[in-house]
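Below are the chains, spelled out letter by letter.
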Amino acid sequence: MEAIELDDFRAHHAGQTYWCGIWLGGCGHQLFTKLYTDRACHFAHGPDPEHTSTCARKAAGVSSADHLYIKQGLLAWMAEQDVTATATIPREADGSIGREVLFTPAGHTGLRVLLSESADSPAPGEDSAQRVLGPEMASDPDVLLRQGYVNRIQLIPDGTRRRIQVGTERHGGTTEWFDLHEVEFTDAGLTTPAVEEVRRLRTTRRPIGVQAPKATPQQTRPTVRPTGEETHGIPSPDHAAVMAALEQAVSDGRSRTEIRRWLNQAEEVTHGGATAEENGLIRAAADALLRLERAVGLPTPREPTFQERKALQKVQRLLGDLAEQKRRRFPAVTPHQRRQLAQAAEQASAWLTDAQRSRVQAWQTAPTESAPTPRAPQQPVRTRAPRIPPAAPHSARFDAAGLADAVRDVLEHAARLGRTVAFADLCAQVKDLGELPESDQVQVLRRVKPTARPRSPEPQRPALLTALLTTEAGTMHPIYRQLANHAGHHLPQQADSAWTDTVKILHDRYDNP
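Everything in this summary refers to the structure shown in the same document. (Residues numbered from 1 in each chain as written. Predicted model: local features only at pLDDT ≥ 70, side-chain atom pairs only at ≥ 80, totals over all residues. Heavy atoms only, no water.)

This brings us to the pattern of salt bridges. Within this structure, the stated rule accounts for eleven salt bridges. When the shortest N-O distance is used, the salt bridge between Arg112 and Glu100 registers 2.5 Å. Here the residue Arg112 occupies a position in strand β6 (residues 111–114), and Glu100 occupies one in strand β5 (residues 100–105), the gap between them amounting to twelve residues. Residues Arg112 and Glu100 agree in their burial class; the two are buried. For Arg170, the salt bridge is made with Glu176, and the minimal N-O distance between the two is 3.8 Å. Judged by relative accessible area, which is 26%, Arg170 ranks as partly exposed. Overlapping salt bridges, with partners in common, bring together Asp405, Arg408 and Asp409 in one network. (Salt bridge = Lys/Arg side-chain N within 4 Å of Asp/Glu carboxyl O. Helix = DSSP H or I, 4+ residues; strand = E, 2+ residues; numbered from the N terminus. Buried < 20%, exposed > 50% of the residue type's maximum accessible area, 1.4 Å probe, protein only.)

Our next topic: the side chain of Asp66. Assignment of secondary structure puts Asp66 in helix α2 (residues 66–80). With a relative accessible area of 11%, Asp66 lands in the buried category. Contacts of Asp66, omitting those with residues within four sequence positions, involve Leu155 and Arg162. (Contact = heavy atoms within 4.5 Å.)

The subject of this paragraph is the nonpolar core. With 37 residues, the main nonpolar core has Val407, Leu426, Val430, Leu433, Val444, Leu445 and Tyr480 as its most contacted residues. Secondary-structure elements contributing two or more residues to this core are α11 (400–416), α12 (423–429), α13 (438–446), α14 (478–486) and α15 (496–509). Among the elements that take part in this core, α11 stands out by supplying nine residues, more than any other. The residues touching Leu445, leaving out its near neighbours within four places in the chain, are Val407, Phe423, Leu426, Thr466, Leu469, Ile479 and Leu483. In this structure, Ile97, Val113, Val166 and Leu190 belong to the second largest nonpolar core, which totals 23 residues. (Core = buried A, V, L, I, M, F, W, Y, C linked by side-chain atoms within 4.5 Å.)

Moving on, we come to the sheet that holds strand β1 (residues 18–19). Sheet architecture is open: three strands sit in the order β1-β2-β3, paired in antiparallel fashion. Lying at the two open borders of the sheet, with one neighbouring strand each, are β1 and β3 (42–45). Relative to β3, strand β2 (residues 30–34) runs antiparallel, the two being bridged by four bridges. Bridge pairing links Lys34 to His42 in β3. Relative to the sheet, helix α1 (residues 3–12) contacts β1, β2 and β3, its axis offset from that of β2 by approximately 135°. (Pairing = 2+ DSSP bridges. Axes fitted to C-alpha atoms, helices over the stretch in contact; angles between N-to-C directions.)

Unlike most non-glycine residues, Asp82 shows phi in positive territory, near 60°. With respect to the helices and strands, the residue Asp82 is situated in the loop between α2 and β4 (85–88).

Under the defined criterion, the tally for this structure stands at four aromatic pairs. An angle of 85° between the planes, with centres 6.4 Å apart, marks the rings of Phe9 and Phe43 as edge-to-face. Here Phe9 is found in helix α1, whereas its partner Phe43 is found in strand β3, with 34 residues between them in sequence. For Phe43, a relative accessible area of 41% corresponds to the partly exposed category. Taken together, a centroid distance of 6.0 Å and an interplanar angle of 80° make the contact between Trp77 and Phe185 edge-to-face. (Phe/Tyr/Trp six-rings, centres within 6.5 Å; stacked < 30°, edge-to-face > 60°.)

Structure (structure tokens):
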């Protein structure tokens with residue numbers, strides 16, 4: 001992460017702790033985030049003056065936790081198919097972990113996923129569990145010759161997570177990859193469309209020298225159109241819509257699964273004849289699919305720019321906020337949220353997954369939040385003059401304590417760095433704060449209490465943590481005068497000097513408190 005990204009990460013995960021995972025080969029000690037401006041920010045072990053930590057974790061890349069994703073993902077996938085299973089991750093003799101995952105499904109042959117070479121791996125024929133190899137594992141030529149295929153497994157990035165794919169390597173070295181929803185768990189183990197094709201070809205026999213008789217013409221039957229589920233959302237194979245979708249999938253560089261789906265439908269709708277332009281599109285799609293499956297002739301993908309990464313993170317954060325909002329039974333989306341989501345999704349369009357695109361589209365068409373309907377419309381809206389201005393429609397349900405904790409974490413982080421925070425930047429880092437009216441913002445800021453205490457036992461001048469709030473120009477923010485007066489710290493008319501002294505007190509208090 002870069003420094004600005006780590007600040008955002010800390011703000012959204014305030015109060016959480018992090019530990020060196022023993023299931024990744026770590027030591028189990030606590031980790032802390034390290035912020036740098038001249039190199040990559042990262043997690044690091046905390047101080048260990050007694051040298052009790054013996055961390056021996058060797059792998060630190062994104063693939064070092066693949067065995068945990070595989071265990072979690074395959075167990076959930078088996079449960080969806082009504083298969084009860086348990087899984088174990090053995091520890092090697094040298095103490096390392098993550099080379100293999102063993103699955104024991106009830107009523108089925110065991111499954112053994114081998115991610116790397118292991119000294120404890122049995123020789124061929126010594127293990128009855130069906131084997132699934134990692135992408136770097138060498139396949140056994142005898143198994144390929146006898147069985148016709150070998151199943152493999154890999155994990156690819158999917159937003160902030162890792163998505164499982166199962167591949168089938170055929171005799172000859174080509175491997176065709178499939179997402180988990182395309183794979184079935186049968187008595188013979190993992191079965192992909194490629195496995196079914198190999199088995200079909202091996203069970204189809206034709207006697208040598210015998211010519212197959214011509215099939216007798218069958219009576220014409222009315223064509224049964226596939227249902228919407230079978231055509232992935234299209235009620236019937238509409239010719240123009242299918243060709244347009246195929247062209248869009250190829251031009252956008254979509255996944256193999258999506259291009260293959262639209263290519264199959266395009267071949268179906270053009271079965272009775274196609275134009276030269278449509279034939280050219282089908283050939284281009286087939287070539288693109290072949291390149292993706294063989295991973296040859298593909299240009300090196302560019303890295304997302306800083307702005308694209310920030311936009312993608314914003315999309316992920318907004319989708320998460322909206323999902324949480326829906327879980328709390330507030331399914332409406334505000335105009336501001338819809339506008340932010342549309343702008344961020346447009347900027348990060350090239351890096352969104354299909355699932356994210358669908359969720360963005362769903363929220364764009366969701367009902368817009370409006371003023372809530374009074375629960376008792378027969379009563380007057382206002383029975384007496386209010387003592388405070390009416391709040392915004394959504395302010396009645398905002399979490400003042402939670403927002404105050406988030407504000408405190410941002411301000412304390414700035415204090416440790418010897419900095420101040422512009423109020424606009426604070427609203428950008430603490431979600432929902434900028435959406436509140438000023439009266440509610442003041443209510444939140446009044447709840448902000450510091451965690452650091454004065455180091456001197458003698459009485460010291462009180463200092464509000466909100467003194468670190470500034471304008472865009474770096475001067476004292478007017479809202480601080482309201483907060484100080486409410487707390488009894490009455491500021492003089494010319495308060496610049498008093499405010500500066502308060503900021504210095506806070507910086508000193510949080511400098512190695």
